[in-house]
Structure formats: structure tokens, C-alpha cells
Amino acid sequence: GASIIATTTIHGNKQVGVGKTAVVAGSSGYIGRACVRECVARGYNTIALVRDTSRASSDEALNGASLVKCDVTNEEEVQSLLKEIANGSHHLVNTATANGRTEIQSPPPVDLMISCLASPSGKESEVYAVDYQASLNLLNAGSQPSVEARHFILLSAFCCRNPILKLQQAKLEFEKKLAEQSDMTYSIIRPTAFFKSVSGQYDSILAGNSYVLFGDGAVTQCNPISEEELAIYMCDSSLEEYREQRWGKILNVGGPDEPLSNKMLGEMMFKAINKPAKFVYVPTEIFDISISMIEFIAKTWPSQKWEDVLETSKIGKYYAVEDMLTTKDEEKFGSISMMDHFEKIAREGQDPFTPVRATAIIAKTLEALPVVSVSVPLGLGLLSKPNLLENVMGSSPLDNVPILVAALNDNNIIS
């Protein structure tokens, strides 16, 4: 797949991070990797916090950073680690040679802390442990008198403006904690959408399947931002020259495109691979049917499992019906367009971080059967694993309909 390319900051070759330390949490994720790459390019002593150092060491996007294993949900571990970093541990280089002698340099101050932490599932138990508590652990650790980190950058989400999901509420709770403290300056970055998150149907249409649309294909609009330009925006936000515009603020940011509907995204994708566009349309009411079924079961047989399934179904609907779009000039950044990205993956292959969607099965099923006959088993598919569908539907061809969460979340445009 395509790898993150080196970026050029707005400062050209000026190494704004030389003699300073940047700590990136969530650095093995899509945006975290880009932030690590950008911090390294700026000359920071870059500390990438990861869950698995052996796996991370094979990721070339993290080259130049010091990879440090850390369980960010463990408050004591994070506090101890930040003290070590502030004392000069875990740096790739902490000595200098002068006149043939090796001299110990004073530890570079922790100038920048970046949290790209996000729950992969959106379940209540995970979002409060990761999106809230783990980021709070980082904030508290960086605020210690022995650390005194200068600036905290939070990768939040544009969708927090309409917080009906648990993942959004958890992010907002941490945003509030960040705004209340005075130990560090901060910037809260809320990107609209990521390129990878609106590219999930690429492999499916490349294999000859239709592009799956919700409603008429124009239900939602977005202007995604590339990972490398988002990383530039985030790192720039810590600089003194942006004190007035970006410090102590919530910053919505999207890419340079005009509003793009889901159908427009599909048409662009087909154009990039030089194939005629073909679509299947899924009524957004399918989500309501599914959610109603889940709510009934969750109330009848209360359990955390069903609450998690219900929340996941709500996530699917949210990103199928909500815009992720900035229209103000000051909330657009960069020059890499969505079409640039589609042409790139057509040349180089899909980014390995792009979510794998099950839309190929959905497309084939919808082309073969009336939508109304598909909606009920799609709702049932939300309840558990695909074998539940087999038990419910018997030998029906609808056995092949996948879990709605996995299959119909193609408009999920957060990390």
C-alpha cells in the first residue's frame, strides 16, 4: 500500500523543533503516524508512544522517532514515563561530540504533547478508557512539575459539535478538562474527515461491484483533509506565531475541496480507475429499522453487550446522515484534493490503514433482491455475528448479508 510521504512544513527547512522534545500518543494510528513523521521532519526529539515496539519498528513512517512502549490507560505508567523523558531518557540522541570529546547535553524540554488517541470501536467502556481517561493521563503527566510540558495538541473530531454518541461525549469531557487547566497551552483540532475513511469502497468497485450510496447519494457532504496536511496543521498550531489564532481554541479544519456528496466521491473513485460509475441505493431508514430492533432486545434482555451493539448501530447511522463539512475559508487547509488521493491509490494501491468494508456483498445482494427484503436481515445482522443470520434466515440467499455495522458504515469518516 501507499505509505505516508515526507512533508514540507510551512517553515521550509527551518527546524523549529531542534533542541526540543515532542511526545506523540496514538502514534501507530493513521494520523498519529503522520504527526510522528512531521515532528521528526521539524527536528524534534520525537517520542512515539506505542503498544507494541516490535511491530512499530517495522513501520517506516516512524523512522527517526524513539519508539517507547506505553499503556496510556495506566496513569502511573504514563506519569513515570514522562518523568523519564523529561530527564533525557528514551531519546535517540542525548549526547554531543565537541573537540573529540563526548559531552552530555541537558535534556531537551518537552515542548509538545500530541494525543491522537481514539477508541477503535466506539463502545462506552472503551471510549471513556481511551478518548477520555488515557488523554487525561497524558495531560496530567505532562503537567507534573518535573515535566512542565509546554503545549498540548488534541486530535478531536468535527462530529463533536452534535454529540449524541458516547465517543463524542467522552471526547467533549476531555476537551473540557483540557480547557479548565492552566499548566499548558493547548489547541483542540477537529478535522472533518480523513481520506482513508471515505475510500473504503475502493477495493470493492475495483473488483467490479457497485458503489453503495445512502438515500439519494447526496444526504451528506464532506471535505476530507489529507493525513500529512492535517499533521502540518496540528504541529503548526503549537507555534508562537499562532498564539492568537489557535491557542486555547477549538479548531475545525477540513481540506481544500468544495462540498463533496457521497455520490460525487463515488464518481471520482470510478473516474480514477477509468471505469463507468454504477451505484446501488440504500434507504437510510434501514438504520432506523435496525436500531429499533436492537433497542427492543436491549430493553428486553439488558446487558452491556446489547448496549454496545446498540451504540455501534447508532454510530453507523450518524455517519450516514451527518455532514462533515467546513465552508469557512479559515477552516480549510492544504492543497491536496480528494481526487489527488483517489488518483494516488489508483497508481500505488490502497493505504493499509483504510477500513475494509463489506460493501461488495451488500452491493451484490441489493442488485439481486428488493431493498425491502434486505432491510430486516440487515437489522438482524447487527445483533451478533453472521452465523446468527444463518440461524434466522435458514437457507435463504440472504444468509450472505454481512453485519450492518461492518458493511454499511462506509460513511464513517472519523479515525
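Heads up: the structure comes first, above all this text.
Fair warning: this is a prediction, and the values are worked out from it, not measured in the lab.

Caption draft 1: Structural detail: helix H9 (residues 262-272). Residues of H9 that are buried include every one of Asn 262, Leu 265, Gly 266, Met 268, Met 269, Phe 270 and Ala 272, and no others. Of the surrounding secondary structure, the elements contacted by the buried residues of H9 are helix H6 (202-206), strand E9 (211-214), strand E10 (221-222), strand E12 (260-261), strand E13 (279-282) and helix H12 (338-348). Asn 274 sits one or two residues past H9 and shows a positive phi near 60 degrees.

Caption draft 2: Geometry of the sheet that holds strand E8 (residues 185-191). Here we have seven strands laid out as an open sheet, ordered E3-E2-E1-E6-E7-E8-E11, and parallel in their pairing. Whereas interior strands pair on both sides, the edge strands pair on one side only; in this sheet they are strand E3 (66-69) and strand E11 (249-253). Put simply, the sheet's adjacent strands are angled 20 degrees from each other on average, direction ignored. Pairing of strand E7 (residues 151-155) with E8, which is carried by five bridges, proceeds in the parallel orientation. Residue pairing in the sheet places Ile 153 in a bridge with Ser 187 of E8. Running at roughly 170 degrees to strand E1 (residues 21-25), helix H1 (residues 30-41) makes contact with E1, strand E2 (45-50), strand E6 (110-115) and E7 of the sheet.

Caption draft 3: Quick look at the side chain of His 151. Counting through the fold element by element, His 151 comes out in strand E7. Side chain to side chain, His 151 and Thr 185 meet in a polar contact 2.6 Å long. Setting aside anything within four residues of it in sequence, one finds His 151 in contact with Asp 111, Leu 112, Met 113, Met 184, Thr 185, Tyr 186, Ser 187, Ser 237, Ser 238 and Trp 247.

Caption draft 4: The packing of aromatic side chains, seen in detail. Per the counting criterion, the structure on display carries eight aromatic pairs. Geometrically, the ring pair formed by Tyr 233 and Phe 333 is edge-to-face, given 5.2 Å between the ring centres and 70 degrees between the ring planes. Remark: Phe 333 occurs in the loop between helix H11 (304-321) and H12 and Tyr 233 occurs in helix H7 (residues 227-236); sequence separation between them is 100 residues. One aromatic cluster is present, formed by Tyr 211, Phe 270, Phe 279 and Tyr 281 through successive ring pairs. Across from the ring centre of Tyr 233, 3.9 Å away, lies the NZ or CZ of Arg 246, which sits over that ring. One cation-aromatic arrangement involves Arg 246 over Tyr 242; the distance from NZ or CZ to the ring centre is 4.0 Å.

Caption draft 5: How the structure looks around the packing of H1 against H7. Close contact between H1 and H7 brings their axes to 8 Å; oriented N to C, the two are set at 60 degrees. For the element pair H1 / H7, the angle class is oblique. Like other packed secondary-structure pairs, H1 and H7 cross with a definite hand, here right-handed. When H1 is examined against H7, the residues Tyr 30, Ile 31, Ala 34, Cys 35, Glu 38 and Cys 39 are found in contact with a partner set consisting of Glu 227, Glu 228, Leu 230, Ala 231, Ile 232, Met 234 and Cys 235. Per-class residue counts for the contact of H1 with H7 are 10 nonpolar, no polar and three charged.

Caption draft 6: Just the pairing of E8, in detail. The element E8 is largely enclosed, with a buried count of six among its seven residues. In the classification by handedness, the crossover that spans E7, the intervening helix H5 (residues 166-180) and the parallel E8 is right-handed. In the sheet, E8 pairs with E11 via five bridges, with the strands oriented parallel. Residue Ile 188 lies in a different strand from E11, and its bridge partner there is Ile 250.

Caption draft 7: Structural detail: the pattern of salt bridges. The full count for this structure, using the stated rule, is nine salt bridges. Linking Asp 131 and Lys 171 is a salt bridge whose minimum nitrogen-to-oxygen distance equals 2.7 Å. Of the two residues, Asp 131 sits in helix H4 (residues 124-142) while Lys 171 sits in helix H5, which places them 40 residues apart along the sequence. Of the two residues, Asp 131 and Lys 171, both sit in the buried class. Lys 317 is the salt-bridge partner of Asp 288, the closest N and O atoms lying 2.7 Å from each other. One end of the pair, Asp 288, is in helix H10 (residues 285-300); the other, Lys 317, is in helix H11, and 29 residues separate them in sequence. We classify Lys 317 as partly exposed; its relative accessible area is 26%. Several salt bridges share partner residues, and in doing so they unite Glu 38, Arg 42 and Asp 236 into one network.

Caption draft 8: Structural view of the nonpolar core. Ranked by internal contacts, the top residues of the largest apolar core, which has 93 residues, are Ile 31, Leu 49, Ile 114, Phe 152, Leu 230 and Met 234. For this core, the element with the most residues is H4, which contributes eight residues. Beyond its immediate sequence surroundings of up to four residues, Leu 230 is in contact with Ile 31, Leu 155, Ile 189, Pro 191, Phe 194, Ile 225 and Val 253.

Each value, and the rule that gives it
All residue numbers here refer to positions counted from 1 along the written sequence of the relevant chain. In keeping with the model being predicted, local features are shown solely for residues with a pLDDT of at least 70 and side-chain atom pairs are shown and tallied solely at 80 or more, while totals for entire chains, interfaces and linings include all residues. Only hydrogens and water are set aside when side-chain values are computed; all heavy atoms of the structure are taken into account. Exposure is judged per residue with a 1.4 Å probe applied to protein chains only, and the accessible area is read against the type maximum: over 50% gives exposed, under 20% gives buried, and values in between give partly exposed. Helix and strand assignments follow DSSP, with helices taken as H or I runs no shorter than four residues and strands as E runs no shorter than two, numbered in order from the N terminus. It only takes one pair of heavy atoms within 4.5 Å for two residues to be counted as in contact. Whether two strands pair depends on DSSP finding at least two bridges between them. Axis definition: a line fit to C-alpha positions, over the contact stretch in the case of helices; interaxial angles, taken between N-to-C directions, run 0 to 180 degrees. Pairs of N or O atoms within 3.5 Å make up the polar contacts considered here, provided that, within protein, one atom can donate a hydrogen while the other can accept it, and that residues adjacent in sequence are counted only when both atoms are side-chain atoms. Stacked, tilted and edge-to-face are the three classes assigned to paired rings of Phe, Tyr and Trp, where Trp is represented by its six-membered ring and a pair needs centres within 6.5 Å; plane angles under 30 degrees give stacked, over 60 edge-to-face, the rest tilted. A ring has a charge above it when a Lys NZ or an Arg CZ is no more than 6 Å from the ring centre and no more than 35 degrees off the ring normal. In this scheme, roughly parallel covers angles under 35 degrees and roughly antiparallel covers those over 145, while 65 to 115 is roughly perpendicular and the rest are oblique. Crossing handedness follows the turn of the near helix against the far one: under a right angle anticlockwise gives a left-handed crossing, and clockwise gives a right-handed one. Here the nonpolar group is Ala, Val, Leu, Ile, Met, Phe, Trp, Tyr, Cys and Pro; Asp, Glu, Lys and Arg are the charged ones; every other residue, Gly included, is treated as polar. With the strands aimed away from the viewer, a crossover counts as right-handed if its path from the first strand over the helix to the second runs clockwise. Whenever Lys or Arg places a side-chain nitrogen within 4 Å of a carboxyl oxygen from Asp or Glu, that contact is recorded as a salt bridge. To define a nonpolar core, start from buried Ala, Val, Leu, Ile, Met, Phe, Trp, Tyr and Cys residues and group those joined through side-chain atoms within 4.5 Å.

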